[in-house]
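# Coordinate analysis (summary)
Letter by letter, the chains look like this.
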Amino acid sequence: MRHLLDTQSLSRDDAIRILDVAEDMRDTQSREVRKLPTLRGKTVVNLFFEDSTRTRISFEAAAKRLSADVINFSAKGSSVSKGESLQDTAQTLQAMGADAVVIRHGASGAPQTLATSGWITAGVVNAGDGTHEHPTQALLDAFTIRKRFFGDDSRGRDLRGLRVAIVGDILHSRVARSNVWLLSTLGAFVTLVAPPTLLPQNFAAWPISHAAHDLDEAIALEPDAIMMLRIQMERMNAAFFPSEREYSRRWGLDAARLARLPEGSIVMHPGPMNRGLEISADAADSPRSTVLEQVANGVSVRMAVLYLLLAGTNTEEEAE
Ligand code: NCD
């Protein structure tokens, strides 16, 4: 694997390989010494043009636990805000010897541009590009589902037959897109639930089994996992629903809906949550909620991705 740019082009075998390596990484995280020497001498650059706390910290923790050197480059306060282009930034990183670049960017396709431009030789990991994709989020979500449903018997498995409902601001969500592709590759049945204004126009071309405007109807279909998405106010330049109150009444996961979920089902959210809007405190803090497991699993999955991208490549020193 040279880069991880999306889940749309990720094969079933590659996806399961990443999830299985993440299982191994997770096992190492319960040891007393959690740091592995695997990526000693490698440099991972976190290149974040958009605000992020948990994703950046998660990649940083993952790289450090593999003993890589980490450089955090955030666009705010950098020369990017002085007008430096992606090309100049990339070439600077190349000159500094970056082995992998983890990029988050407001423009869909920026990681692809970086990977195919020839500006850098580093492996590129997409940490979220515009409304396009967020592949490591979908991988950590799949990992979390697999772990909850199959436990220690997870390795080698896909998600065949499991029903996943993705609810909320699908229009603006790269998390939804990456999940739709990956979940369908892994054999799960995906239902999208959103107000008509928050469903993208082309969703009919996506590999989903159902789209609904009514959350109660979707809950009646007994999903194994229900994934609540954040309402992305920062990407909204128009009124997509009448009021927050109306949204949470119709599309929020509240205590009453939580109680109607089938036994054994799980409640997911990629974070950051708008408590009281798309998800109530009862749902977010219930035993069904995997929110904190998702965060913990995110580190294992990102360790797996960095390992698969970098462990096979030689540093100059080793090559001599
Ligand atoms: C997601 C993102 O940035 O796309 N969050 C994250 O990765 N922590 C989802 C979101 O912002 O709602």
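These numbers come from a predicted model, not from an experiment. (Residues numbered from 1 in each chain as written. Predicted model: local features only at pLDDT ≥ 70, side-chain atom pairs only at ≥ 80, totals over all residues. Heavy atoms only, no water.)

The subject of this paragraph is the pattern of salt bridges. Side chains that differ in sign of charge can pair as their charged atoms come close. Scanning the entire structure with this criterion turns up 20 salt bridges. Here Asp216 makes a salt bridge to Arg257, at a shortest N to O gap of 2.9 Å. Pair noted here: Asp216 is in helix H7 (residues 215-220) and Arg257 is in helix H9 (residues 255-260), with a separation of 41 residues, a long-range link. Classification of Asp216 by relative accessible area gives partly exposed; the value is 30%. Here Arg257 falls in the buried class, since its relative accessible area comes to 8%. Residue Asp285 is joined to Arg275 by a salt bridge in which the shortest nitrogen-to-oxygen separation is 2.9 Å. Taken together, the residues Asp285 in the loop between helix H10 (281-284) and helix H11 (291-310) and Arg275 in the loop between strand S9 (266-268) and H10 connect sequence positions ten residues apart. Taking the relative accessible area as the measure of exposure, Asp285 reaches 53% and is therefore exposed. (Salt bridge = Lys/Arg side-chain N within 4 Å of Asp/Glu carboxyl O. Helix = DSSP H or I, 4+ residues; strand = E, 2+ residues; numbered from the N terminus. Buried < 20%, exposed > 50% of the residue type's maximum accessible area, 1.4 Å probe, protein only.)

To continue, consider the domain arrangement of the chain. Considered domain by domain, the chain is made up of domain 1 (12-134 + 298-319) and domain 2 (135-294). Taken residue by residue, the interface counts 29 residues in domain 1 and 32 residues in domain 2. Three residues stand out in domain 1 for area buried against domain 2, namely Leu19, Glu23 and His134, and they jointly supply 27% of the buried area on that side. Where domain 1 packs against domain 2, one counts eight salt bridges. Between Arg146 and Glu23 there is a salt bridge whose closest N-O contact spans 3.8 Å. At the junction of domain 1 with domain 2, the criterion picks out 18 residue pairs in polar contact (both at pLDDT 80 or more). Listing elements by their share of the side of domain 1 that touches domain 2, those giving two or more residues are helix H1 (12-28), helix H2 (54-65), strand S3 (100-105), strand S4 (123-129) and H11. (Domains from an automatic or database assignment. Contact = heavy atoms within 4.5 Å. Buried area = accessible area lost by both parts, 1.4 Å probe. Polar contact = N/O pair within 3.5 Å; in protein donor to acceptor, adjacent residues only side chain to side chain.)

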